[in-house]
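# A structural walkthrough
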Amino acid sequence: MRSGILIAGYLCLAVTPLALAYAEGMPPRPFRDELAAGLGLVGFAMLLMEFFLSGRFRAISGRIGIDLTMRFHQLVARSLMLFILIHPFLYSIPFKSPLPWDTTGRFTLGLEATSIITGVVAWLLLAILVLTSVYRNQLPYRYEVWRLAHGIGAICVAGFGLHHALEAGRYSAAASLQVFWLAMTGLAVLTILYVYVIMPWRQLRVPYSVVSVRKVAAKTWGLTVEPVNGKAMEFSAGQFAWVTLGRSPFAITEHPFSMSSCPAERPRIEFTIKEAGDFTNRLGSIPRGARAFLDGPHGNLTLPNRDGLGLVFIAGGVGLSPIMSMLRQLRVERDPQPMILVYGNRCAEQILYGSEIEAMTQDLNLQVHHVLSEPPPRWTGLTGQLDISVLRDLLSFDGREDWLFYVCGPAPMIDSVEADLGHLGIPLRQIVSEKFSYN
Ligand SMILES: Cc1cc2nc3c(=O)[nH]c(=O)nc-3n(C[C@H](O)[C@H](O)[C@H](O)COP(=O)(O)OP(=O)(O)OC[C@H]3O[C@@H](n4cnc5c(N)ncnc54)[C@H](O)[C@@H]3O)c2cc1C
């Protein structure tokens, strides 16, 4: 329902330039030429809206989840790239300098040299921007370098595109469309200011300090922070925050991590972090008292406002982190509903919070099933992958389609678990998931 409203609003904005162009009542050109112009108009509107869809607005990602927001951002980028890339090739009327008597641009594409240049630059940059995002993992650059280049590239495409639209566009010469483009660009600029200036400035007022960094499993750390002064961020169990470690929140080295502590444990907030690259590999050497900044809470992997006969948590590796936050909160609240935790790891050394989870079975109506793909010799638990055979056995009770399923872990695991749950008859609306990567 929420996704439907957001998508309807999005589509309305995307086709607004078409409606404004139509309202100008200009003499029609051949269909190919109108299609070319239409693709350019809709493509550029979609491009400007990409700035809001970059995953940093709680109004969007808090409603539909960060996965869906980022997936939408990526799908829209591919579609708008297609629209804009074919836009110049569809014109059938000739390119010429503007003809003084052809005031409505019906017979020629009267382009000035500068608008051709800005159009070509925006066109090329857009292709590079989308392709370097799709093939990011194959590039020899750090994530932060790619992210900075992606942001600067997007601003350049929008700037050059705006010049091209205002100078070359037949319909964009109309006052209504000029106002529309300037307003949309202004909103995109505000978005950038909000994310990179206002949000860090707000974080600066509530700095956190590292209380401890402790090893909680193989290559996995528990990072605990608390506010230096003032109140800790409010959040729902299962949400995540963008974490910056260092003297200033005005940095591009922020990383998303789920809170693994529960809201009841505030003001202390804990993150459970697995070594995955240059930032997370250095966590063990972060000193006590180091400064930290949090932007959050984000995400919709949460318990409130959802109905189910019981709760099934399915976690892979460090994907337990947000689920741990929920279990801890449910334990504090002494929640009586039935719960099942299915927790998959490669080996026993990777199991997080094993004894705490075991103790939770005394206080909660909770069954715990560990699944190891490389079990030790005397392992009595389940073995193999978190696949349909394991899930079918564990979820063979009546009424399972009315339970709520929370799934968190690496992207391939979530895709396969979601498909398996679908095969077991669990409706999509009963499944809430969060991937730990946007790829
Ligand atoms: C919503 C969400 C919640 C997460 N929660 C946890 C958690 O609780 N515990 C945990 O261990 N990991 C979590 N992650 C994954 C974690 O953010 C990455 O492992 C971490 O940022 C890697 O940084 P790095 O510099 O060490 O590695 P890098 O080598 O720089 O990155 C490895 C991969 O991590 C991802 N990544 C890196 N930096 C960012 C960034 N700034 N924004 C988005 N993705 C990035 C990219 O896919 C990249 O390819 C979460 C990710 C997301 C999207």
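All values derive from a computational prediction rather than experimental measurement.

Right, let's get into the sheet that holds strand E12 (residues 382–383). If you trace the 6 strands from one edge of the open sheet to the other, you get E12-E11-E10-E9-E13-E14, paired in parallel fashion. Two strands close off the open sheet at either side, each with one partner strand: E12 and strand E14 (431–435). Sheet analysis places strand E10 (residues 339–345) next to strand E11 (residues 366–372), joined by 7 bridges and oriented parallel. Directly across from Gly344, in E11, lies its bridge partner Val371. In the packing of helix H8 (residues 320–332) onto the sheet, the strands contacted are strand E9 (311–316), E10, E11 and strand E13 (404–409), and the crossing angle to E9 comes to about 145°.

Each assigned domain of the chain is listed here: domain 1 (2–203), domain 2 (207–298) and domain 3 (311–435). Across the contact, 14 residues belong to domain 1 and 17 residues belong to domain 2. Buried area between domain 1 and domain 2, summed over both chains or domains, comes out near 1,500 Å², and the portion from carbon and sulfur atoms is 53%. The three residues of domain 1 that bury the most area against domain 2 are Arg56, Glu144 and Gln203, which together make up 44% of that side's buried surface. The tally of links from domain 1 across to domain 2 stands at 2 salt bridges. Residues Arg142 and Asp278 are paired through a salt bridge, measuring 2.8 Å at the closest nitrogen-oxygen approach. Where domain 1 meets domain 2, there are 3 residue pairs in polar contact (both at pLDDT 80 or more). The class makeup of the residues in the side of domain 1 that touches domain 2 is 7 nonpolar, 2 polar and 5 charged.

This part is about the packing of aromatic side chains. Tallied over the full model, the rule gives 9 aromatic pairs. With 4.7 Å between their ring centres and 45° between their planes, Phe397 and Trp403 make a pair best called tilted. Given a relative accessible area of 24%, Phe397 falls into the partly exposed group. Members of the aromatic cluster, each reached through a chain of ring pairs, are Phe44, Phe180 and Trp181. Between Arg136 and the ring centre of Trp146, over which it is positioned, the NZ or CZ distance is 5.3 Å.

Cut-offs and rules
- Residues numbered from 1 in each chain as written.
- Predicted model: local features only at pLDDT ≥ 70, side-chain atom pairs only at ≥ 80, totals over all residues.
- Heavy atoms only, no water.
- Pairing = 2+ DSSP bridges.
- Helix = DSSP H or I, 4+ residues; strand = E, 2+ residues; numbered from the N terminus.
- Contact = heavy atoms within 4.5 Å.
- Axes fitted to C-alpha atoms, helices over the stretch in contact; angles between N-to-C directions.
- Domains from an automatic or database assignment.
- Buried area = accessible area lost by both parts, 1.4 Å probe.
- Salt bridge = Lys/Arg side-chain N within 4 Å of Asp/Glu carboxyl O.
- Polar contact = N/O pair within 3.5 Å; in protein donor to acceptor, adjacent residues only side chain to side chain.
- Nonpolar A, V, L, I, M, F, W, Y, C, P; charged D, E, K, R; others polar.
- Phe/Tyr/Trp six-rings, centres within 6.5 Å; stacked < 30°, edge-to-face > 60°.
- Buried < 20%, exposed > 50% of the residue type's maximum accessible area, 1.4 Å probe, protein only.
- Lys NZ or Arg CZ within 6 Å of the ring centre and 35° of its normal.

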